[in-house]
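Coordinates in review
What follows is the residue order along each chain.
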Amino acid sequence: ANALYAHGAFNDTARIHKATLASRRRVLGDEHPDTLVSENNLSTALFAQGQYTEAARAFSDTLEARRRILGPDHLQTLQSAN
């Protein structure tokens, strides 16, 4: 997905991130740190596609989950806040 993103193939990138997120939610659960990484990755792809409202909602959900699960000072939480 990262290579596709670098080449501007945002639709393909989002498709891969959506599938990965669904798999991680099923296998790891909604609040697993790896699931939150996938949610953040999808948010980035949605933003690149110009789906700003959906991306903002996903970014916000990820940030709130990371604050709750990892704490406010965790590196991934701070990356989400950036």
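Residues numbered from 1 in each chain as written. Predicted model: local features only at pLDDT ≥ 70, side-chain atom pairs only at ≥ 80, totals over all residues. Heavy atoms only, no water.

Turning next to the packing of helix α2 (residues 10–28) against helix α3 (residues 33–48). Close contact between α2 and α3 brings their axes to 9 Å; oriented N to C, the two are set at 160 degrees. In this view, α2 runs roughly antiparallel relative to α3, as classed from their interaxial angle. For the pair α2 and α3, the crossing hand works out as left-handed. Residue-level contacts link F10, T13, A14, H17, K18, T20, L21, R24, R25 and L28 of α2 to D34, T35, V37, S38, E39, N41, L42, A45, L46 and A48 of α3. When grouped by side-chain class, the residues that make up the contact of α2 with α3 number 9 nonpolar, 6 polar and 5 charged. (Axes fitted to C-alpha atoms, helices over the stretch in contact; angles between N-to-C directions. Helix = DSSP H or I, 4+ residues; strand = E, 2+ residues; numbered from the N terminus. Parallel < 35°, antiparallel > 145°, perpendicular 65-115°, else oblique. Left-handed = near helix turned anticlockwise from the far one by under 90°. Contact = heavy atoms within 4.5 Å. Nonpolar A, V, L, I, M, F, W, Y, C, P; charged D, E, K, R; others polar.)

Moving on, we get to the pattern of salt bridges. Counting across every chain of the model gives 5 salt bridges. Of the charged contacts, one joins E39 and R25 as a salt bridge, the two residues approaching to 3.6 Å between their closest N and O atoms. With E39 in helix α3 and R25 in helix α2, this residue pair connects regions lying 14 residues apart in the sequence. Looking at R25, the relative accessible area reads 37%, which means it is partly exposed. If you follow the salt bridges from partner to partner, you end up with R25, D30 and E39 in one network. (Salt bridge = Lys/Arg side-chain N within 4 Å of Asp/Glu carboxyl O. Buried < 20%, exposed > 50% of the residue type's maximum accessible area, 1.4 Å probe, protein only.)

Right, let's talk about the packing of α3 against helix α4 (residues 52–70) for a bit. Running from N to C, α3 and α4 point in directions that differ by 160 degrees, and their axes come no closer than 8 Å. Between α3 and α4, the crossing angle belongs to the class labelled roughly antiparallel. The handedness of the crossing between α3 and α4 comes out as left-handed. The residues of α4 that touch α3, namely those facing P33, L36, V37, E39, N40, S43, T44, L46 and F47, are Y52, E54, A55, A58, F59, D61, T62, A65, R66, I69 and L70. A breakdown of the residues in the contact of α3 with α4 according to their chemical character gives 12 nonpolar, 4 polar and 4 charged.

For the rest of this paragraph, the subject is the side chain of S43. Structurally, S43 is set in helix α3. Looking at S43, its side chain comes within polar contact range of the main-chain nitrogen of F59, at 3.4 Å. With residues near it in sequence (within four places) discarded, S43 still touches A55, A58, F59 and T62. (Polar contact = N/O pair within 3.5 Å; in protein donor to acceptor, adjacent residues only side chain to side chain.)

Our next topic: the packing of aromatic side chains. Scanning the entire structure with this criterion turns up 2 aromatic pairs. Relative to Y52, the ring of F47 has its centre 5.0 Å away and its plane inclined at 65 degrees; by these criteria the two rings are edge-to-face. Taking the relative accessible area as the measure of exposure, F47 reaches 46% and is therefore partly exposed. (Phe/Tyr/Trp six-rings, centres within 6.5 Å; stacked < 30°, edge-to-face > 60°.)

Distances and angles like these do not, on their own, reveal function.
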